[in-house]
Amino acid sequence: MSVRFDLDPSVTPELRDGICSLWAEVSNAGGAVGFVPPVTGEDIRPELVKHLAAMAEGRARLVVGRDADGTPLATAFLYENTHRLMRHYLWVYSVMVHPSLQGRGVGRELMAAVEGAARATEGIRAIRLTCRGGTGADRFYASCGYKEVGRVPDAIKVADDDYRDDITMWQELH
């Protein structure tokens, strides 16, 4: 399946609802994108609205991968730092790929699109993101050129008896 990546697409109701649906599907398939299954689109919507508001305010950008019909299959939100000493790097949040596309290279294509967007942003020298330990995401990001620069043990609680590390990853762009 061919996936087309766009930066800063127009946010239509179809795109908004498609991202909400994608986020729920990824979460329910065990993806570590801020929720623990089971979730519905309505559970996800308030978090998505925060990203969309940041986009409308010019504080965030969206990289979205879509199929030929325009259905969202992959996303990443890029945030500029507001702190004057940290404006040289972007944060990346809500990185996800539809479960049916796992292992097909779409995640690498998404991260390449994120890197391209960061490189095209004036003054940006690096990308920073966090991921949940125990998922293999840290190994995936490492294979995309990121290095682990920090880890907080048991910082993420996914169940009463299940705590995961919060891992910070960093990619230099120069």
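Structure: above.
What you see is a predicted model, and the numbers here were worked out from it, not measured in a lab.

*Asks:* Mind laying out the side chain of H51, listing which residues take part and the relevant values?
*Replies:* For H51, the position within the fold is in helix α2 (residues 41-56). A polar contact of 2.9 Å, which involves the side chain of H51, links it to the side chain of S94. What H51 contacts, discounting residues up to four positions off in sequence, is W23, A60, F77, Y79, Y93 and S94.

*Asks:* Outline helix α1 (residues 13-28), listing residues and values.
*Replies:* Here α1 spans 22 Å end to end across 16 residues, near enough to the 22 Å set by a 1.5 Å rise per residue. Residues of α1 that are buried include every one of L15, G18, I19, C20, L22, W23, A24, V26 and S27, and no others. Close packing links the buried residues of α1 with α2, β2 (60-66), β3 (72-80) and β4 (89-97). Of the residues flanking the end of α1, it is G30, one or two places downstream, whose phi is positive at about 100°.

*Asks:* Can you break down the packing of α1 against α2 residue by residue, with the values?
*Replies:* Contact pair α1 / α2: the axes reach a minimum separation of 9 Å and the direction vectors enclose 125°. Relative to α2, the element α1 is oriented oblique. Handedness of the crossing formed by α1 with α2: right-handed. Packed against α1, whose contacting residues are R16, D17, I19, C20, W23, A24 and S27, the element α2 presents G41, I44, R45, E47, L48, H51 and L52 at the interface.

*Asks:* Tell me what's going on with α2, and back it up with residues and numbers.
*Replies:* With 16 residues, α2 ought to run about 22 Å at 1.5 Å a step, and its terminal C-alpha atoms sit 21 Å apart, in line with that. Along α2, the largest kink reaches about 30° and is centred on E47. Along α2, the residues that are buried comprise I44, L48, H51, L52, A54 and M55. Its buried side turned inward, α2 meets α1, β2, β3 and β4. Positive phi shows up at G58, right after α2, with a value of about 80°.

*Asks:* Lay out the nonpolar core with the relevant residues and their values.
*Replies:* In this structure, V92, L110, V114, Y141 and Y146 are the most contacted members of the largest nonpolar core, which totals 28 residues. Looking at this core, the elements that each hand over two or more residues are β3, β4, α3 (106-119), β5 (126-132), α4 (137-143) and β7 (162-172). Sort the elements by how many residues they give to this core and α3 lands first, with six residues. Counting residues in each nonpolar core, the second largest holds 25 residues, with F35, M55, F77 and Y89 among its members.

*Asks:* Outline the sheet that holds β3, listing residues and values.
*Replies:* With mixed pairing, seven strands are arranged side by side in an open sheet as β1-β2-β3-β4-β5-β7-β6. Each having just a single partner strand, β1 (4-7) and β6 (147-159) make up the two edges of the open sheet. Each strand axis lies, on average, 20° off the axis of its neighbour in the sheet, ignoring direction. Here β5 runs beside β7; their pairing, made up of seven bridges, is antiparallel. In the sheet register, I127 faces β7, and the bridge partner there is Q171.

Reading the values: the criteria
Residues numbered from 1 in each chain as written. Predicted model: local features only at pLDDT ≥ 70, side-chain atom pairs only at ≥ 80, totals over all residues. Heavy atoms only, no water. Helix = DSSP H or I, 4+ residues; strand = E, 2+ residues; numbered from the N terminus. Polar contact = N/O pair within 3.5 Å; in protein donor to acceptor, adjacent residues only side chain to side chain. Contact = heavy atoms within 4.5 Å. Expected span 1.5 Å × (residues − 1). Buried < 20%, exposed > 50% of the residue type's maximum accessible area, 1.4 Å probe, protein only. Axes fitted to C-alpha atoms, helices over the stretch in contact; angles between N-to-C directions. Parallel < 35°, antiparallel > 145°, perpendicular 65-115°, else oblique. Left-handed = near helix turned anticlockwise from the far one by under 90°. Bend = angle between axes of the 7 residues up to and from the residue. Core = buried A, V, L, I, M, F, W, Y, C linked by side-chain atoms within 4.5 Å. Pairing = 2+ DSSP bridges.

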